[in-house]
Amino acid sequence: MSRPHNGSATAAEFPWDQVQQLDYQDANTGSIAQACHAMIFAKTEAKFVSQLPCKAWVLMQMRFDGKLGFPGGVVSDQAIPDTTLEDGLNREMEEELALDMSRFAFSKKHYVVSHFCPKANLILNFYAQEVTEQEFKEIEGNALRAEEYGHECLGIVRIPLFTLQDGHNGLPVFLQNQFAGTSILQVIVGLCTHNLMKPDELNTAMAVLPRHQGYRRLVHQAVASFRDRQQTIRVPDLPENRAVAHK
Ligand SMILES: O=c1[nH]cnc2c1ncn2[C@@H]1O[C@H](COP(=O)(O)OP(=O)(O)O)[C@@H](O)[C@H]1O
């Protein structure tokens, strides 16, 4: 598999560029480190303060460094023998959320997008999994008993997926927090790819981001490649379709 390249267009604004996902072994033979993070969400009809629709509950965490991020972490650490990227992600999910692997293990089908930073020689892989409202509450509750709770993870938070009438409080304010790695980009990509954000909400949200032109390009690129992949996966595996599926 080819090595990720440095796309210079965004380098000055945001040092990450979208790349194809590298197998764990491929990255391990070189010097590239890989991390995996994941968004767990539940669609809901529940209204915030009995009037605002919020569409979904989306889980993030307050990290030890004071930034917000998704649960996950570095998976290419030689000291910890993960076999695949998803094994590494699942190990992190058990440590940080005490996630029940018999029900919520992440696999390739949850993969969303990867970004590479040449300066850090690091690939950040992003996954998303939908659960029911009941399961979501259970996952939140269990997280308080996780090994890393109170250490790497200082709290579980839900994204306020609504904007109050002043057009500012709610999601726009939330997006002004400090976010680890590419998690700010992953928030927007995760919401768009899983139909949790309408285009007008996306525009409002993007307007509050610093250097939002750079983010906008990366968001569109990620959403387009995710949708392409979904379409490819849906192509029935008939001989005449294989050429399309493997394009
Ligand atoms: O939610 C996230 N999304 C994307 N990147 C993140 C997120 N959280 C942390 N990072 C980045 O991922 C890398 C690994 O950090 P993390 O603290 O998750 O792993 P570790 O606990 O295994 O050291 C760092 O470069 C960090 O900035």
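If you check an unreviewed UniProt entry, the protein appears there as U8 snoRNA-decapping enzyme from Hypsibius exemplaris. Its UniProt record gives the protein a comment under Cofactor (unreviewed entry), which states: "Co(2+)".

## Some details on helix 3 (residues 85-97)
Think of an α-helix as turning once every 3.6 residues; residues three or four places apart then point the same way. Here helix 3 contains 13 residues, and its C-alpha end-to-end distance of 18 Å stays within 8% of the 18 Å for a straight helix at 1.5 Å per residue. Most of helix 3 is tucked away, with 11 of its 13 residues classed as buried. Of all the positions in helix 3, only L85, E86, G88, L89, N90, R91, E92, M93, E95, E96 and L97 are classed as buried. Just downstream of helix 3 lies A98, where phi reads positive at about 55 degrees.

## Focus: unusual backbone geometry
The backbone of K55 shows a phi angle near 65 degrees, a positive value even though the residue is not glycine. Within the secondary structure, K55 sits in the loop between strand 4 (52-53) and strand 5 (56-63). A relative accessible area of 33% means that K55 is categorised as partly exposed. Unlike most non-glycine residues, N121 shows phi in positive territory, near 50 degrees. Assignment of secondary structure puts N121 in the loop between strand 8 (111-117) and strand 9 (122-130).

## Regarding the environment of Y127
Locating Y127 in the fold gives a position in strand 9. Considered as a pair, Y127 and K109 are 18 residues apart in the sequence and their alpha carbons are 8.7 Å apart.

## Digging into the site of the ligand
Taken together, the neighbourhood of the ligand is formed by 16 residues, with H37, R63, F70, V74 and Q186 sitting nearest. The contact in question runs from an oxygen atom of the ligand to an N or O atom on the side chain of R63, over 3.1 Å. Contact between the ligand and Q186: a nitrogen atom at 2.7 Å from a side-chain N or O atom of the residue. In isolation the ligand offers 540 Å² of accessible surface; the protein chains occlude 78% of this area. Those elements that provide at least two residues to the shell around the ligand are strand 7 (72-74), strand 9 and helix 7 (183-193). Per-element accounting of the shell around the ligand gives the leading share, three residues, to strand 7.

## What about the packing of aromatic side chains?
The tally for this structure, following the rule as stated, stands at four aromatic pairs. Where W57 meets F136, the ring centres are 5.8 Å apart and the plane angle is 45 degrees; that geometry is what we call tilted. Here W57, found in strand 5, pairs with F136, found in helix 5 (residues 133-143); they are 79 residues apart in sequence, far enough to count as distant. On the basis of relative accessibility, which here comes to 10%, the residue W57 falls in the buried class. Judged by relative accessible area, F136 falls into the buried class, the value being 0%. Seen from their ring centres, Y111 and Y127 are 5.7 Å apart, and the 70 degrees between their planes marks the pair as edge-to-face. Of this pair, Y111 sits in strand 8 while Y127 is found in strand 9, placing the two residues 16 residues apart along the sequence. When its relative accessible area of 11% is taken as the criterion, Y111 is described as buried. We note R158 situated over the ring of W57; from NZ or CZ to the ring centre the distance is 4.2 Å.

The rules we used
- Residues numbered from 1 in each chain as written.
- Predicted model: local features only at pLDDT ≥ 70, side-chain atom pairs only at ≥ 80, totals over all residues.
- Heavy atoms only, no water.
- UniProt positions renumbered as here; feature names shortened; annotations may be inferred.
- Helix = DSSP H or I, 4+ residues; strand = E, 2+ residues; numbered from the N terminus.
- Expected span 1.5 Å × (residues − 1).
- Buried < 20%, exposed > 50% of the residue type's maximum accessible area, 1.4 Å probe, protein only.
- Near = heavy atom within 4 Å.
- Polar contact = N/O pair within 3.5 Å; in protein donor to acceptor, adjacent residues only side chain to side chain.
- Areas by Shrake-Rupley, 256 points an atom, 1.4 Å probe, with all protein chains shown as cover.
- Phe/Tyr/Trp six-rings, centres within 6.5 Å; stacked < 30°, edge-to-face > 60°.
- Lys NZ or Arg CZ within 6 Å of the ring centre and 35° of its normal.

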